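Single-letter residue listing:
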Amino acid sequence: MNKSRYFWLISLLVIVALALVACGGETTETTETTTGTDTTAATVAPAAPTTAPATGAPVRIRWFVGLGAGSDEPTFAPQQAVVDQFNASQNEIELVLEIVANDTAYDALATQIAGGNAPDIVGPVGIRGRDSFKGAWLDLQPFMDANNYDLSDFDPAMVDFYNVQEEGQLGIPFAIFPSFVLYNKDLFDEAGLAYPPHEFGAPYIDADGNSRDWNMDTLRELAMQLTVDRNGNDAFDADFDPTNIVQFGFMNQWTDPRGVGTFFGSGSLVADDGSAQIPTAWEAAWRWTYDGWWTDWFIPNGPYGGAEFLQGPGGPFSSGNLGMMHNHLWYVAPWALGDANFSWDLAATPNYNGEITSKMHADTFGILRGSRNSEAAFKVLTYLLSPEVAPQLLDIYGGMPARISLQEPWLNNYFETNFPAQNIDKQVVIDAMAYADNPNHESYMPSFLETTDRYNEFWNRLANEPGLNFDAEVATLKNALQAIFTAAR
Amino acid sequence: MTTAIGRKTILGFPRQRKPNSSLLRYRQKWGWIFITPWLIGFSLFYFLPMVASFGFSLVSFNLATPDQIEFVGADNWRRAFVDDPEVLASFIKTFRFSAITLPAGMIFAIFVALLMNSKHVHGKIFMRTLFYAPVMIPGVAATLIWSGVLNEQTGWVNMLLQNIFGIQAVGVEGIRWLQNPQLIYYTYTLMGFWGVGNAMIIILAGLQGVPTELYEAAEIDGANYWQRLFKITLPMISPVIFYNLIIGVIGLMQYFLVPYVLNGGDGSPQGATRFIAVWFYKQSFAFFNMGYGATIAWMIFLVGIALTIALFGSARYWVYYSGSED
């Protein structure tokens, strides 16, 4: 072999070696998420396929947690306990828990689905989480029919809640979170105001014994009286200084324009023919809120969002400087109100034009279409949703059971355990269920995430800029949504 | 030594004639061998993904439903050019921001480099280290620090302005550096000043390469500081400025980290920071529209190429290469 041949041979070997090094696959071992495991690690953990196992080996079912509740560290151990309990109860299926931090869970799940490595079960997941992955869910109806799944313990409306046109029954009711007004009793006492009514449909009886319809106007007036500046003037006073507010009256805390709109009535941004629309009640709610931000001053606007006096563990209401807010049952939890140094209670949602709408959040578990063992996944699903196991999970996630038979005992236990010092009117929670929004405010929209992004931009603009031409802004939003809907077709 | 023969050039660089000696062929062979590993890496990790991304731009592909991938021809391109006003708007926002930050950043970098090269400045090594140090801090960490520093309620910039200069800066009526759409580009530019180290070092190297005899001759001729700056210094470091300009333009077409970390890429305040790279990210990785995202990526690439070619085209009028034979 001459010198030139050696030269080419060595060169070729070097190149091949370099190419092999460059293209070498990772040797990441499959690790399961266990109690206390770092959530980031959990996102990359299981790469092993869930193909049919060899004879005798259990089928592996992956349970992905992160789109809703369940990705906070204190929930890891109890969830793993449920998994261990299931695995110990039989030897045909091995359930593996994967917990991903909520802020990265959407990307992680999308990547897993796209990579053909989809988990089997996902949940708890709300409507928003579900519709962010539209088309990715398995219709459970055939499995429910084949197994004669008993739905008699659920409100039929809640079952229907998960029935999506052209996609089927995407979930079985698990946890529900009705909404209502929460109010700070101390601030009402300080202002000499009577508390808002607890009974849905009942009037507001003021401190002088006068009866008034419990509607948005009454709420606004109460809220303005509870809004106070540094000099002690309320929002009705001529000397009120809106640049130095130290206490606000009301807000729809932690919701988006669809949630705020639904405070005035159910609706959808999607018309029956698929075009963009702004429901009349929503436009009224948005205008009411815009005025509340910039002219009536009873709602914290954008610039006040970062104000120190509104920073509580559960946002403005838990700071003790917000008189009332509208929110869901998930907020009535130790993490938000456990350390509240004021008295609070629940009240009925006011009406708008005589109609009460208390928006509903609901969580469930779904099976992905990419699951390679959907039969086994359904078995796990029925286990998790069973009357025996569901209460354990509901305690972990803080959700109210969708099973009617479990609701009252759960509520009693939940409030007594978590808020023994507060005398909370739990009947408000039960009554609120009857006023759930339909269509739900989180329901499907074309190009769900892009549409959400666009209306949030509209909302941020309103929250941060006074003196806008409100009608023009709404018209701009509608046109923008129409463009997105058209592109989505 | 360069063996340029002939007068024809490509983008200002002399074109070389095909080698014909055995020594040149030998050198060329070894040259190819040495760059082959890089070529393989480039092909695998750059060229093939680029081809794939162009393929993606012709399909409708959502990450959540990969099995529903569908060939849509030029639909994504039509959407980007015709149906989606946000693409053009995002490019315009990028250009508007560039029009502020690029000249400001360049002038500031030259200013700092001149300062660090001045014989009148004491402790230059220490000062250079200080100016360069921020570059070593990860961008995300730096951005998060800036978000605290510029917070309208608790940031020390506003507190300083209010307590020392008596300007109403803190609170609801204060200066909202990160939430005011009229201020946000200047805020980002200010944050960019902090990371001037890289450009400063490169310009400083250019400054130190300017022959001192040119200054001595100019001084003898009676040229003052400004004349020396504009007639000698800037022309002599124009290749370095040109390089920084190219890097800056490409960097701005990819400007993403700061708006993403500060605002989660939601475009706030009021859509002002929805630059084209942010819109690309949103479409691809937030909305999972990978096909459309690939189209936007290609538009960014094409615009970046066009701007780079335009800059190279303009170079002959203002960039001075002392070693060029042209």
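What you are looking at is a predicted structure, and each value in this text was computed from that prediction instead of being measured.

### Topic: the interface of chain B and chain A
With 36 residues of chain B at the contact, the number on the chain A side is 37 residues. Summing both sides of the interface, chain B and chain A together bury roughly 2900 Å²; the carbon and sulfur share of this comes to 60%. Summed over the three residues of chain B that lose the most area to chain A, namely Val172(B), Gln270(B) and Phe288(B), the buried surface amounts to 20% of that side. The interface formed by chain B and chain A holds 5 salt bridges in total. Our count for the chain B to chain A interface comes out at 10 residue pairs in polar contact (both at pLDDT 80 or more). Where the side of chain B that touches chain A is concerned, the elements lending two or more residues are helix H1 (22-56), helix H2 (75-83) and helix H13 (276-286) of chain B. By residue number, the principal contributor to the side of chain B that touches chain A is H1(B), which donates 8 residues. Class assignment of the residues belonging to the side of chain B that touches chain A gives a composition of 16 nonpolar, 10 polar and 10 charged.

### Overview of the sheet that holds strand E7 (residues 179-184) of chain A
Residues and elements named next belong to chain A. Strand order across the open sheet formed by 5 strands is E10-E11-E12-E7-E13, with mixed pairing between neighbours. If you trace the sheet from one side to the other, it starts and ends with strand E10 (228-229) and strand E13 (344-347), each paired once. Of the strand pairs in this sheet, strand E11 (residues 245-252) and strand E12 (residues 322-328) are connected by 4 bridges, and their pairing is parallel. When the bridges of E12 are listed, Asn252 appears paired with His326.

### A look at the environment of Val261(B)
All names here are of chain B. Checked against the element boundaries, Val261 lands in helix H12 (residues 257-263). Since its relative accessible area comes to 21%, Val261 is described here as partly exposed. Through-space distance from the C-alpha of Val261 to that of Gly123 is 35 Å; in sequence the pair is 138 residues apart. When near neighbours in sequence (up to four residues on either side) are disregarded, Val261 contacts Val140, Thr143 and Leu144.

### Quick notes on the pattern of salt bridges
For the coordinates displayed, the defined rule picks out 21 salt bridges over all chains. Ionic pairing is found between Glu465(A) and Arg461(A), a salt bridge with its closest N-O pair at 3.6 Å. Across the pair Asp83(B) and Arg78(B) runs a salt bridge whose closest N-O atoms are separated by 2.9 Å. Since its relative accessible area comes to 35%, Asp83(B) is described here as partly exposed. The class for Arg78(B) is partly exposed, based on a relative accessible area of 44%. Counted as one network, the salt bridges with shared partners bring together Asp453(A), Glu457(A), Glu86(B), Lys93(B), Arg274(B) and Lys282(B).

Thresholds applied
Residues numbered from 1 in each chain as written. Chains lettered and ligands numbered in written order. Predicted model: local features only at pLDDT ≥ 70, side-chain atom pairs only at ≥ 80, totals over all residues. Heavy atoms only, no water. Contact = heavy atoms within 4.5 Å. Buried area = accessible area lost by both parts, 1.4 Å probe. Salt bridge = Lys/Arg side-chain N within 4 Å of Asp/Glu carboxyl O. Polar contact = N/O pair within 3.5 Å; in protein donor to acceptor, adjacent residues only side chain to side chain. Helix = DSSP H or I, 4+ residues; strand = E, 2+ residues; numbered from the N terminus. Nonpolar A, V, L, I, M, F, W, Y, C, P; charged D, E, K, R; others polar. Pairing = 2+ DSSP bridges. Buried < 20%, exposed > 50% of the residue type's maximum accessible area, 1.4 Å probe, protein only.

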